[in-house]
Amino acid sequence: MKAIVYTKYGTPDVLELKEIDKPIPKDDEVLIKVFAVSLNDWDCGLLQGDPINRLLNGLFKPKIKILGSDIAGRVEAVGKNVKKLQPGDEVFGDLSGRWGGFAEYVCASENMLALKLASMTFEEAAAIPQAAMLAIQGLLDKGKIQSGQKLLINGAGGGVGTFAVQIAKLFGVEVTGVDSSAKLEMLRSMGFDHVIDYTKEDFTKNGQRYDLILDVKTNRSILDYIRALRPNGIYVTVGGSMIRLLQALFLGPAISMISKKKVGIVALKPNKDLAYMNELFEAGTVKPVIDGPYSLDEVPNTFRLFGEGAHKGKVVITVQT
Ligand SMILES: NC(=O)c1ccc[n+]([C@@H]2O[C@H](COP(=O)([O-])OP(=O)(O)OC[C@H]3O[C@@H](n4cnc5c(N)ncnc54)[C@H](OP(=O)(O)O)[C@@H]3O)[C@@H](O)[C@H]2O)c1
């Protein structure tokens with residue numbers, strides 16, 4: 001089978017399209033023919049080999065050599081202990097921890113997979129898992145979003161932000177999106193009520209206050225974010241600068257003690273809300289925003305595009321048709 005393989009940490013130049021053996025499912029796994037996969041920030045961290053990802057995937061060289069977590073495909077074979085899935089089922093899910101999605105076939109535990117709706121393309125399905133889960137768990141589980149609120153999404157034009165605005169609109173909230181100039185038109189067309197160009201304006205200093213802030217970049221002091229909240233507001237981070245995340249972790253409890261404001265940090269629960277996403281998709285209320293689709297041999301370029309922040313929504317790769 002064809003796969004994008006890396007044997008050392010580095011830039012996208014170390015990614016190679018290779019012909020390798022098809023994987024064989026263990027007793028509790030299924031073999032999936034991959035039709036589409038999407039790219040996540042986590043893939044970029046694993047490619048570069050930052051210190052945390054080296055702890056996960058090998059200190060000196062990568063143990064798992066095929067990246068790609070968010071896949072959509074068809075079950076080809078099942079191990080003898082698999083109970084829920086059978087050959088022919090169309091599935092999607094986040095295989096983070098297992099990875100292997102930038103390949104024509106991958107094996108995964110059935111617990112990592114949900115059935116794909118017939119009305120959903122493989123590309124749409126592959127766009128959903130990580131970004132939509134972060135958006136849902138950030139807005140609903142940590143953010144306790146309520147109708148009539150004012151929400152700000154920092155880093156609005158990527159995977160999480162483009163799902164988050166659509167989900168937030170179901171709750172009747174007023175949404176402001178912060179991103180770079182090139183993405184503001186797309187944000188307006190998606191239904192953001194207000195947009196802010198972060199290269200020209202600092203939303204923590206313009207006097208506006210929000211009930212909820214969902215942050216995918218976390219590049220400022222937690223105290224700046226707290227200042228931009230209304231009295232009972234909640235700041236939720238899904239990721240960003242490690243130093244800033246640690247600051248949010250340690251100062252968050254103290255902030256809640258001395259004010260009515262709260263700080264939430266999303267620890268991704270992979271695949272938890274895929275059934276909810278199926279419902280929203282079926283109702284026509286949430287639709288993935290896809291950059292691409294690209295082909296498997298374009299994967300190194302998609303990493304470059306992602307690294308430059310030049311993508312809009314989710315970068316999706318069609319692996320085979
Ligand atoms: N909590 C967890 O368990 C968990 C698990 C997996 C991933 N994550 C995190 O989830 C996040 C993934 O988000 P995503 O997929 O939406 O990322 P994304 O697609 O890269 O989107 C980020 C957006 O932010 C914009 N941006 C860059 N710098 C900015 C700034 N200073 N201010 C405002 N916007 C800025 C980027 O555009 P420009 O570059 O054009 O500005 C881009 O549109 C990452 O932070 C990742 O680490 C968390």
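Model, not experiment: these values are computed from the prediction.

**Considerations on the environment of Lys269**
Step number 1: Inspection of the secondary structure puts Lys269 in the loop between β13 (262-265) and α9 (274-282).
Step number 2: For Lys269, the contacting residues outside a window of four places in its chain are Met133 and Gln137.

**A closer look at the nonpolar core**
Step number 1: Leu151 and Met277 are the most contacted members of the largest nonpolar core, which totals 50 residues.
Step number 2: The residues touching Leu151, leaving out its near neighbours within four places in the chain, are Leu139, Ile145, Ala168, Val173, Glu174, Val175, Thr176, Tyr210, Leu212 and Leu214.
Step number 3: In terms of nonpolar packing, the next biggest core, distinct from the first, is built from 41 residues, Leu95, Val106, Cys107 and Val299 among them.

**Describing the site of the ligand**
Step number 1: Taken together, 26 residues surround the ligand, and among them Asp179, Ser180, Tyr198, Asn219 and Val266 come closest.
Step number 2: Asn219 has a polar side-chain atom sitting 2.8 Å from a nitrogen atom of the ligand.
Step number 3: Leu268 places a main-chain nitrogen or oxygen 2.8 Å from an oxygen atom of the ligand.
Step number 4: Burial of the ligand by the surrounding chains reaches 83%, relative to a free accessible area of 950 Å².
Step number 5: Sorting the residues of the shell around the ligand by element identifies α4 (129-142), α5 (159-169) and β9 (174-179) as the ones contributing at least two each.

**Some details on the packing of aromatic side chains**
Step number 1: The tally for this structure, following the rule as stated, stands at six aromatic pairs.
Step number 2: Here Trp42 and Trp99 contribute two aromatic rings whose centre-to-centre distance is 5.4 Å and whose plane-to-plane angle is 85°, an arrangement assigned as edge-to-face. Placement of the pair is Trp42 in helix α1 (residues 41-48) and Trp99 in the loop between β5 (90-94) and β6 (105-109), with a sequence separation of 57 residues.
Step number 3: Each ring, one from Tyr225 and one from Tyr235, has its centre 4.4 Å from the other, and the planes form 15°; the classification is stacked.

**A few points about the pattern of salt bridges**
Step number 1: Tallied over the entire structure, the rule returns 15 salt bridges.
Step number 2: The partner of Asp13 in a salt bridge is Arg304, with the nearest N and O atoms 2.6 Å apart. Of the two residues, Asp13 sits in the loop between β1 (2-5) and β2 (16-19) while Arg304 sits in helix α10 (residues 299-307), which places them 291 residues apart along the sequence.
Step number 3: When its relative accessible area of 58% is taken as the criterion, Asp13 is described as exposed.
Step number 4: Across the pair Asp27 and Lys80 runs a salt bridge, and its minimum N-O distance is 3.1 Å. You can see Asp27 sitting in the loop between β2 and β3 (29-38) and its partner Lys80 sitting in the loop between β4 (70-78) and β5, a full 53 residues away along the chain.
Step number 5: A residue is classified by how much of its surface remains accessible, and Asp27, at 37% relative accessible area, is partly exposed.

**A look at the environment of Leu59**
Step number 1: Within the secondary structure layout, Leu59 lies in the loop between α2 (51-57) and β4.
Step number 2: Residue classification places Leu59 among the partly exposed residues on the basis of a relative accessible area of 48%.
Step number 3: Placed 54 residues apart in sequence, Leu59 and Leu113 show a C-alpha to C-alpha distance of 29 Å.
Step number 4: With residues near it in sequence (within four places) discarded, Leu59 still touches Tyr9 and Arg54.

**Focus on the sheet that holds β13**
Step number 1: With parallel pairing, six strands are arranged side by side in an open sheet as β10-β9-β8-β11-β12-β13. Every other strand in the sheet has two partners, leaving β10 (194-197) and β13 as the edge strands with one partner each. Neighbouring strand axes in the sheet, compared pairwise and without regard to direction, differ in orientation by 15° on average.
Step number 2: In the sheet, strand β8 (residues 150-154) pairs with strand β11 (residues 210-215) via four bridges, with the strands oriented parallel. Paired with Leu151 across the two strands is Leu212, which belongs to β11.
Step number 3: Of the strands in this sheet, β12 (229-237) and β13 touch helix α8 (residues 242-258), which is tilted by about 145° from β13.

**Side note on unusual backbone geometry**
Step number 1: In this structure, the amide linkage connecting Gly292 to the following residue, Pro293, adopts the cis form with an omega of 5°.
Step number 2: Within the fold, Pro293 resides in strand β14 (residues 290-295).
Step number 3: Positive phi, close to 50°, is recorded for Lys144, a residue that is not glycine.
Step number 4: Relative to the helices and strands, Lys144 resides in the loop between α4 and β8.

**Thoughts on the pairing of strand β15 (residues 314-318)**
Step number 1: Burial within β15 is extensive, with five of its five residues counted as buried.
Step number 2: Sheet analysis places β14 next to β15, joined by four bridges and oriented parallel. Residue pairing for β15: Asp291 is matched across the bridge by Val315.
Step number 3: Taking the sense of rotation as the criterion, the β-α-β connection linking β14, α10 and β15 turns out right-handed.

What counts as what
Residues numbered from 1 in each chain as written. Predicted model: local features only at pLDDT ≥ 70, side-chain atom pairs only at ≥ 80, totals over all residues. Heavy atoms only, no water. Helix = DSSP H or I, 4+ residues; strand = E, 2+ residues; numbered from the N terminus. Contact = heavy atoms within 4.5 Å. Core = buried A, V, L, I, M, F, W, Y, C linked by side-chain atoms within 4.5 Å. Buried < 20%, exposed > 50% of the residue type's maximum accessible area, 1.4 Å probe, protein only. Near = heavy atom within 4 Å. Polar contact = N/O pair within 3.5 Å; in protein donor to acceptor, adjacent residues only side chain to side chain. Areas by Shrake-Rupley, 256 points an atom, 1.4 Å probe, with all protein chains shown as cover. Phe/Tyr/Trp six-rings, centres within 6.5 Å; stacked < 30°, edge-to-face > 60°. Salt bridge = Lys/Arg side-chain N within 4 Å of Asp/Glu carboxyl O. Pairing = 2+ DSSP bridges. Axes fitted to C-alpha atoms, helices over the stretch in contact; angles between N-to-C directions. Right-handed = clockwise from strand over helix to strand, strands pointing away.

The values are spatial; any link to function lies outside them.
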